[in-house]
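# Examining the three-dimensional arrangement
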Amino acid sequence: MCFNRLVEHISCRFRSFDPRLYQIASLSTLLAYGLLWLHFDVSILQITLTFGTALVTQYAGTRLYKLPAFDPLSALVSAVGLCIFLRTNSMAVAALAAGIAIASKFTIRWQKKHIFNPTNLALLVVVTGGLGWISPGQWGQAAWFGFLIACLGSLVVTRAVRADVTLSFLGFYVVLLITRALWLGDPLTIPLHQLESGTLLIFSFFMITDPKTTPDSRLGRLIFTLLVALAALGVQFVLFRPHGPLWALLICSPLVPLIDRCFPGSRYDWARPSKGELTPPLSAPVFVPLSISSQQRRIS
Amino acid sequence: MSRQDYEACENGWAGSRQDPHMLNIRLYVPAVLFLVTLLLWNGNASAFCGFYVAKADSKLFNKASEVAIARAEDKTVITMANDFKGDVKEFALVVPVPTVLEKAQIHVGDAAVLKHLADYSAPRLVEYFDANPCRLLYPESRSMDMMGKASPSLQREREKALGVTVEAQYTVGEYDILILSAHESAGLETWLTENGYRIPKGASSVLHSYIKQNLKFFVAKVNLGEQAKLGLTHLRPLQIAFESPRFMLPIRLGTVNADGPQELFVYFLTRQGRVETTNYRTVRLPEAQEIPLYVKDRFGDFYRDLFGQQVKREQHRGVFLEYAWDMTWCDPCAADPLSGEELRSLGVFWLEPHGRPGRGPQAQNVFLTRLHVRYDEAHFPEDLLFQETSDRANFQARYILRHPWTGQDDCTAAAAYREQLYGRYEQQAQTLATLTGWNISEIRKAMNFGARPTTDEKKWYQRLWTN
């Protein structure tokens, strides 16, 4: 009871803030931990360039697409995500990745929603091009519990925005990994080891949760996360390729418009976080993006 | 900033009313600046100007296995070193493999080539000699900065009963090789035991897992007749070549009932760049550290203890990078780079055979990664999974001995130089203690601090007012 009240209290306290501020704070803390304790190969120059390019691209996109206001928050989330995942020896590639990430939001769209998670798309384009790499084992297992707490904390303060996506994806993924281990007759230490991955946690809490690239309705999101979990395991254990979850998200993202068509829900707005239930049209028509004119579009 | 500029910035941020030309300028300026900045980056190739003194042999470690993996486009050649010391009749090897191998996919390699590869990539000790400070034009730190048995039919019936199929059977060199597939682990375990392969207790569950993952088993024993014919006194490395997307090394069979942790050295020869583990953290060893001169005679102990400390630091779960370098060169060299022929013998199929015109050593395009892992069942429950990255940055586990200048010249620079030597010795002692876990007071004693040539120590106020 006490805990619930505390959670409620914290949620109320932070309700007036944009959830992306917490995402930026959490991801920046993780990046700082990686830089200071784990000695990640990311230079200050790379960080500066990634942030700089992301903001410049966002600004350019805002102007080119005549959006009402420059909104740097989503670009910052993408930039810090790239700094955490992407490793490259070329600063030009770091900048290119940030450019691809943000530009994809403006260019690859379907029914006023961008299709791919910007960070995910940019990472895989760069890795496939042989320009950079991702080190999924870089976090080790030492600080995993601390990591989990940081991620769960972020879930609380972000008012459980798309918490169903994180929890259902992790749920499906855990069940599938354990089922595989039982089928193989492996000790449970193996699926546990596979789950003790900082990369998997960051993916589950900060990447797959992007409300702009997940289905609008809850049922749609459950179907989507099941597909992502299945595809992630397929990439790892059938195709034997690394970065299963990242590839899975990229493959499943184009299915979102289809899922939205079958299971419609209300479109997400960063300014008014919602869980996707369809809002009655008369009560708050202004926040249903389908009714927003092109001048009021928000790309984030 | 003029008022107009200020307003322009303000408008730019708010993004409402403004001249479209102004927008273009504002978009281009950061873009141009950005491109200019990109052009300004120029990675300086750094060279190590030191003399190679010693290397840490992989034989320093007990129970060490060595494996070389050449891989490109899913085509993989694995060379398994064989340092079996006991009675060759007792030797038996069981390796899970992704496909049934044909005879041509199995080869017996040359131990000398693998040894050459190990020597070339070994952690190394280098030494530098300080110059006469009275003749230096630049601060002395500059030099460092620039361094940058049954009848066949009965046997077959037995195999059938156990659910084991002998997919292929070959004699290659001094080895008798079988490729097995199995339906269930207990049968395979019984078959292996009946056929003289000593399988540790508890291996059944691991075998079960590999069978379910559709892996085959490469099993080898020594053919004594062939060995006598060849007149060999030692066992040569076994090599297998196959094509599979799986980029992994099965280590689980080796951890079952193992008596303590085991050491593994893996040498990767790839086309694109460095290799790392995807399911464990790959860590660079500390490198380019200055250590006391007396370590020269104890480099083996030093490196073994340094490695042990790093393993502890990573909570026994780290995989360590010891060397990552383009095969065309080395600096300093612990051994010469491998020749094209040697590399081809290790499975580097993308190298053109010897003698093709217009292909010098620069065209080799072979990147070497040396990983060292100390593993046991508790900390390494899963097999090692790898990925090739596009990282071609050079790395070597290199440790530095820096000899002080011992000349008798007298000048202000010489006095200052002699004075800072003590700080340097202390720093070296502390570095050594941190790296190896050795006792600092014993290090200081071994360094013989007191016997160093001393100049008259100045009081702090003497240093303050030098006149």
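Every residue gets a number counted from 1 within its own chain, in the order that chain's sequence is written. Chain A is the first chain written and ligand 1 is the first ligand written, with later ones labelled in order. With pLDDT at 70 or above as the cut-off, local features in this predicted model cover only qualifying residues; side-chain atom pairs require 80 or more to be listed or tallied, and sums for whole chains, interfaces and linings still use all residues. Excluding hydrogens and water, the side-chain values take into account all heavy atoms of the structure.

Quoted interface sizes are often the accessible area lost when the parts come together. Opposite the 43 residues of chain B that make contact, chain A presents 45 residues. What gets called buried area is simply the loss in accessible area from a 1.4 Å probe that two parts show on being joined, summed for both. Both sides of the chain B and chain A interface together cover about 3,400 Å² of buried area, and 54% of this is carbon and sulfur. For salt bridges, the criterion is a side-chain nitrogen of Lys or Arg within 4 Å of an Asp or Glu carboxyl oxygen. With a shortest N-O distance of 3.6 Å, Glu196 of chain A and Arg317 of chain B are connected by a salt bridge. Helix and strand labels come from DSSP, where a helix needs a run of H or I of at least four residues and a strand needs a run of E of at least two; each type is numbered from the N terminus. Those elements giving two or more residues to the side of chain B that touches chain A turn out to be helix H1 (3-14), helix H2 (20-40), helix H7 (203-212) and strand S14 (281-284) of chain B. We call two residues contacting when some pair of their heavy atoms lies within 4.5 Å.

All names here are of chain B. Mapped onto the elements, Glu167 comes out in strand S7 (residues 164-172). Note on exposure labels: buried denotes an accessible area under 20% of the residue type's maximum, exposed denotes more than 50%, and partly exposed covers the range between, all computed with a 1.4 Å probe on protein chains only. The exposure class of Glu167 is partly exposed, given its relative accessible area of 36%. Expressed as a C-alpha distance, the spacing of Glu167 and Ser181, which sit 14 residues apart in the sequence, is 6.6 Å. The contacts of Glu167, once residues within four sequence positions are left out, are Val100, Ile179, Leu180 and Ser181.

A separate point is the pattern of salt bridges. Should their charged atoms come close, side chains of opposite charge can pair. Counted according to the given criterion, the structure contains 30 salt bridges over all chains. In this structure, Asp71 of chain A and Arg20 of chain A form a salt bridge, with 3.2 Å as the shortest nitrogen-oxygen distance. Pair noted here: Asp71 of chain A is in the loop between helix H3 (44-64) and helix H4 (73-85) and Arg20 of chain A is in helix H2 (residues 19-36), with a separation of 51 residues, a long-range link. Per residue, the accessibility class of Asp71 of chain A equals that of Arg20 of chain A, and both read buried. The salt bridge partner of Asp74 of chain B is Arg241 of chain A, with a shortest N-O separation of 2.8 Å. Note that Asp74 of chain B is positioned in the loop between strand S2 (64-72) and strand S3 (75-80) and Arg241 of chain A in the loop between helix H11 (218-237) and helix H12 (244-252), a pairing that runs across two chains. Connected through shared salt-bridge partners, Asp41 of chain A together with Arg274, Glu276, Arg284 and Asp391 of chain B make up one network.

Centre-to-centre distance and the angle between the planes together describe a pair of aromatic rings. All names here are of chain B. Here the aromatic set is Phe, Tyr and Trp, taking the six-membered ring for Trp, and pairing holds for ring centres within 6.5 Å; pairs whose planes are under 30 degrees apart are stacked, those over 60 apart are edge-to-face, and all others are tilted. Counting across every chain of the model gives 23 aromatic pairs over all chains. Measuring from centroid to centroid gives 5.8 Å for Phe247 and Phe268, while their planes differ by 90 degrees, and the two rings are edge-to-face. With Phe247 in the loop between strand S10 (238-243) and strand S11 (248-249) and Phe268 in strand S12 (residues 262-270), this pair connects stretches of sequence that are 21 residues apart. Across the pair, exposure class does not vary: Phe247 and Phe268 are buried alike. Ring centres of Trp325 and Trp329 lie 5.1 Å apart, and the angle between their planes is 65 degrees; on these two criteria the pair is classed as edge-to-face.

Residue and element names in this part refer to chain B. Disulfides are defined in this document as cysteine sulfur pairs within 2.5 Å. Applying the stated rule across the entire model yields 1 disulfide over all chains. Cys330 shares a disulfide with Cys333; S-S distance 1.9 Å. With the S-S dihedral at roughly 100 degrees, the linkage between Cys330 and Cys333 falls on the right-handed side.

Before going further, it helps to examine the packing of H2 of chain A against H4 of chain A. Residues and elements named next belong to chain A. To obtain an axis, a line is fitted to C-alpha atoms, over the contacting stretch when the element is a helix, and the angle between two such axes runs from 0 to 180 degrees between their N-to-C directions. Relative orientation of the contacting elements H2 and H4 amounts to 20 degrees, with a least axis distance of 9 Å. The pairing of H2 with H4 is recorded here as roughly parallel in orientation. Of the two possible hands of crossing, H2 and H4 adopt the one that is left-handed. In this structure, H2 contributes Arg20, Leu21, Gln23, Ile24, Leu27, Ser28, Leu30 and Leu31 to the contact, and H4 contributes Leu73, Ser74, Leu76, Val77, Val80, Cys83 and Ile84. Charged means Asp, Glu, Lys or Arg here, nonpolar means Ala, Val, Leu, Ile, Met, Phe, Trp, Tyr, Cys or Pro, and polar covers whatever is left, Gly included. For the contact of H2 with H4, the residue count by class is 11 nonpolar, 3 polar and 1 charged. For classification purposes, angles smaller than 35 degrees are called roughly parallel, those larger than 145 roughly antiparallel, those between 65 and 115 roughly perpendicular, and all remaining angles oblique. Rotating anticlockwise by less than a right angle from the far helix to the near helix defines a left-handed crossing, while the corresponding clockwise rotation defines a right-handed one.

All names here are of chain A. A volume near 250 Å³ is recorded for the largest cavity. If you go around the largest cavity, you meet 20 residues; those closest to its centre are Val77, Ser78, Asn117, Thr119 and Phe206. Those elements giving two or more residues to the lining of the largest cavity turn out to be H2, H4, helix H6 (118-128) and helix H10 (198-207). The leading source of residues in the lining of the largest cavity is H4, at 5 residues. Among the residues forming the lining of the largest cavity, the class breakdown is 8 nonpolar, 9 polar and 3 charged. A domain assignment, automatic or from a database, supplies the domain bounds used here. Mapped onto the domain boundaries, the lining of the largest cavity takes at least three residues apiece from domain 1 (17-134) and domain 2 (144-274). With a 1 Å grid laid over protein atoms only, a set of points is called a cavity when a 1.4 Å probe fits there but cannot get out and a pocket when it is open yet has protein on both sides within 12 Å along at least five of seven lines; lining residues have an atom within 4 Å of a point. Grid points are joined across faces, edges and corners, and a volume is the space filled by probe spheres set on the points.

Buried residues of helix H6 (residues 185-194) of chain B: Ser185, Gly187, Leu188, Glu189, Trp191 and Leu192 of chain B, and no others. Residue Gly196 of chain B follows H6 of chain B closely and has a positive phi angle near 85 degrees.

All names here are of chain B. What pLDDT reports is the predictor's confidence in each residue, on a scale of 0 through 100. Mean pLDDT over chain B works out to 79, with 78% of the residues at or above the 70 mark. Mean pLDDT per element in chain B: H1 is the minimum at 33, and strand S13 (residues 275-277) is the maximum at 96. Overall, residues 1-49 carries pLDDT values under 50, and its contacts beyond four positions in sequence, including any with other chains, amount to 53 contacts.

Okay, the layout of surface pockets next. Residues and elements named next belong to chain B. Here the largest pocket defines a volume of roughly 1,700 Å³. Around the largest pocket sit 50 residues that line it, and Ser65, Phe91, Ala92, Leu93 and Gln262 are the ones nearest its centre. Looking at the lining of the largest pocket, the elements with two or more residues in it are S2, S3, strand S4 (92-97), helix H3 (111-120), helix H9 (252-255) and S12. In the lining of the largest pocket, the residues fall into 30 nonpolar, 8 polar and 12 charged.

Attention now goes to the sheet that holds strand S9 (residues 216-222) of chain B. Residue and element names in this part refer to chain B. Strands are labelled as partners when DSSP assigns at least two bridges between them. Across the sheet, 4 strands lie side by side as S4-S9-S8-S7; this open sheet has antiparallel pairing. Of all strands in the sheet, those bounded by a partner on one side alone are S4 and S7. Across the sheet, the mean angle from the axis of one strand to that of its neighbour is 20 degrees, orientation sign disregarded. Sheet topology places S4 next to S9; 6 bridges connect them, and they run antiparallel. Bridge pairing in S9 links Val95 to Phe218. Sheet contacts for H6: S4, S7, strand S8 (175-182) and S9; angle to S8, the most-contacted strand, approximately 160 degrees.

What follows covers a nonpolar patch on the surface. Each patch is assembled from residues with relative accessible area greater than 30% and no salt bridge, linking like charges that lie within 9 Å and nonpolar side chains (Val, Leu, Ile, Met, Phe, Trp, Tyr) that lie within 5 Å. Here the open area of atoms and residues is found with the Shrake-Rupley method and a 1.4 Å probe, where only the protein chains shown may cover a residue. Side chains of Trp460, Tyr461, Leu464 and Trp465 of chain B sit close together on the surface and give an oily, nonpolar patch of about 540 Å² of accessible area. Relative to the elements of secondary structure, Leu464 of chain B occurs in helix H14 (residues 460-464).

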